[in-house]
Amino acid sequence: MNSHPLPSPPLTPEKWTPTAIFTLVILGLSAGLQLSDQGVQSLSLSAIQNTFDTGDTALGSLQGVAGFLIGSLLAIPLSRLVDKYSRKRILLSFIFASATLMALSALAPNFSLFFLGRASAGILEFAMIPLVYSMIPDLAPEQDRVLANLGFAAIMAIGASGGYYFGDVIIATGDAIFSFEAEPWRKGLLLLSVAGLPLFLLALLTQNPARYPGLVASSPSDSIVQFLRQRWKTMVLFMGAAGCMVIAVQALNQLIALAMERRFDADITSIGQAMGIILLIVSAGSIPAAGLLDRLLGRVLQQASRPGIMALGAITSIPAAVALNATAYMDQAFIIIGVFIFLTATANALVPTLLQDLLPAAIRARSFAIWSFLVSTFSASGPLLSGGLSDVLFDHDLLLAITMTTVPALCLSAFFALQLVRELRENKAL
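The structure contained in this document is the topic of the report that follows. Small disclaimer: the values here were computed from a predicted structure and weren't measured.

## Regarding the packing of aromatic side chains
Each aromatic ring pair is specified by the distance between its two centres and by the angle formed by the two planes.
Part 1 of the argument: What the rule picks out here adds up to 9 aromatic pairs.
Part 2 of the argument: Aromatic pair Phe52 and Trp185: ring centres 6.0 Å apart, planes at 70 degrees, arrangement edge-to-face. With a gap of 133 residues between them, Phe52 in helix 2 (residues 45-52) and Trp185 in helix 8 (residues 184-194) connect regions that are remote in the sequence. This pair shows no difference in class: Phe52 is buried, exactly as Trp185 is.
Part 3 of the argument: With a centroid separation of 4.9 Å and an interplanar angle of 80 degrees, the aromatic rings of Tyr165 and Phe166 are classed as edge-to-face.
Part 4 of the argument: Looking at Tyr165, the relative accessible area reads 31%, which means it is partly exposed.
Part 5 of the argument: Judged by its relative accessible area of 44%, Phe166 falls in the partly exposed class.
Part 6 of the argument: These aromatic residues form a ring-pair network of at least three members: Phe52, Phe111, Phe114, Phe115 and Trp185.
Part 7 of the argument: Sitting over the ring of Phe180, Lys187 keeps its end group 5.4 Å from the ring centre.

## Things to note about a nonpolar patch on the surface
Part 1 of the argument: A surface patch of nonpolar side chains, amounting to about 460 Å² of accessible area, comprises Tyr165, Phe166, Val169, Ile277 and Ile281.
Part 2 of the argument: Residue position: Ile277 is located in helix 12 (residues 268-301).
Part 3 of the argument: Residue class for Ile277 comes out partly exposed when judged on its relative accessible area of 42%.

## Thoughts on the nonpolar core
Part 1 of the argument: Residues Phe114, Phe238, Ile256, Met275, Ile337 and Ile341 are the most contacted members of the largest nonpolar core, which totals 108 residues.
Part 2 of the argument: Take this core: its biggest share by element is 14 residues, from helix 10 (residues 224-253).
Part 3 of the argument: Beyond its immediate stretch of four places on either side in the chain, Phe238 contacts Val351, Leu354, Leu355, Trp371 and Leu420.
Part 4 of the argument: Counting residues in hydrophobic clusters, the runner-up holds 6 residues, among them Ile287, Ala290, Ile309 and Leu350.

## Overview of the packing of helix 7 (residues 167-177) against helix 8
Part 1 of the argument: Look at helix 7 against helix 8: their axes get within 7 Å of each other, and the N-to-C directions meet at 95 degrees. Of the possible angle classes, the one that applies to helix 7 and helix 8 is roughly perpendicular. On the side of helix 7, the interface is formed by Ile170, Ile171, Thr173, Gly174, Asp175 and Ile177, while helix 8 contributes Pro184, Trp185, Lys187, Gly188, Leu191 and Leu192.
Part 2 of the argument: Residues belonging to the contact of helix 7 with helix 8 are distributed by class as follows: 7 nonpolar, 3 polar and 2 charged.

## Some details on the side chain of Arg145
Part 1 of the argument: Here Arg145 shows up in helix 6 (residues 145-165).
Part 2 of the argument: A distance of 3.1 Å separates a polar atom in the side chain of Arg145 from a polar atom in the side chain of Glu142.
Part 3 of the argument: Not counting chain neighbours up to four residues away, the residues in contact with Arg145 comprise Pro137, Ala140, Thr353, Gln356 and Asp357.

## What about helix 13 (residues 305-326)?
Part 1 of the argument: With 22 residues, helix 13 ought to run about 32 Å at 1.5 Å a step, and its terminal C-alpha atoms sit 33 Å apart, in line with that.
Part 2 of the argument: A bend of about 30 degrees at Ser317 is the largest found in helix 13, and the proline Pro319 appears one to four places after it.

Calculation notes
Residues numbered from 1 in each chain as written. Predicted model: local features only at pLDDT ≥ 70, side-chain atom pairs only at ≥ 80, totals over all residues. Heavy atoms only, no water. Phe/Tyr/Trp six-rings, centres within 6.5 Å; stacked < 30°, edge-to-face > 60°. Helix = DSSP H or I, 4+ residues; strand = E, 2+ residues; numbered from the N terminus. Buried < 20%, exposed > 50% of the residue type's maximum accessible area, 1.4 Å probe, protein only. Lys NZ or Arg CZ within 6 Å of the ring centre and 35° of its normal. Patch = residues over 30% accessible without salt bridge, like charges linked within 9 Å, V, L, I, M, F, W, Y side chains within 5 Å. Areas by Shrake-Rupley, 256 points an atom, 1.4 Å probe, with all protein chains shown as cover. Salt bridge = Lys/Arg side-chain N within 4 Å of Asp/Glu carboxyl O. Core = buried A, V, L, I, M, F, W, Y, C linked by side-chain atoms within 4.5 Å. Contact = heavy atoms within 4.5 Å. Axes fitted to C-alpha atoms, helices over the stretch in contact; angles between N-to-C directions. Parallel < 35°, antiparallel > 145°, perpendicular 65-115°, else oblique. Nonpolar A, V, L, I, M, F, W, Y, C, P; charged D, E, K, R; others polar. Polar contact = N/O pair within 3.5 Å; in protein donor to acceptor, adjacent residues only side chain to side chain. Expected span 1.5 Å × (residues − 1). Bend = angle between axes of the 7 residues up to and from the residue.

In structure tokens, the structure reads:
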């Protein structure tokens, strides 16, 4: 009697399914809604400052510490749930809780409670990061994983651009719909929270994918500590490159609307529409540009192409950061902002793919949570440093403060990224 060995189970999904594609879209829309909320808040910073009578440092803290640091810190224990329990149920819980916290923060009577509410909403935003990048390798075939990561980023970026472009419409619509007495910016944030309901209903139809082992071998104990002992130098360089890049990006992204309003005496409608168009064009261009560069450089550098793209983006964006403060015309400033965001977005687009390459599947969600916390520490530093420099040294000249924050950060990011390229090429096996 002949015995035939059983076929080995697949390491990754063999093909796309309609439900997997739908799930990827819902993940992008969920993250995009949260970024829309951030866009409306960024356009409302001047009104928020008037409501609560705060300084630029407090606004920088709101955009940085509340928006990034606190949320990512508490996302670490939440990521343990992602590694162990139903990811669909966790997604549903995140959408519901995020919409609820958006509403509560919009109604906060003072800055302390508003700060706390925004920080709490940020917890769900950063908890989405390990959830998303844990699910994508289990939804997409291995040959399409880069495309799936970039597709998620594109959908998310559309939400971010919509928050800016339609920010004044969202605020005006919220003001018209809600009849109670409150500042219009509060009603705009409240209106966005209501959008969580149809998103929650759609998420009921998503897939809870099986956990595939992936192409990276798990360590015997599936221990993050053991993994870091083995790869500590690579991970330190990775964090330096990604973290310093994010300092520069968030120093500009989180405070640029208020900086433009002050420097050029512009209204939030023109700023919001310009930023919305910029973000949409950048997302449409930087994502395929990153994919093309990865394909071209990958022939020579293999996986080291990804930090190589980070270094290239950091170096080429330094002149744009310098020119931003030097321009005397608002239209020119928006063009420079677009160039800066395009170059830095291209540099960052493949960071999740690089990290997925490094991580065993069993520690993927927890590792992404730790990564997001460490990077968000730098993210919080960007607007906090810019706001502090504006208050203390530059007489509330936010545009100058942004430039003085971004340029050193970009130089450091390029240095770490180039060191990471050399490290990966020398060790070839990640």
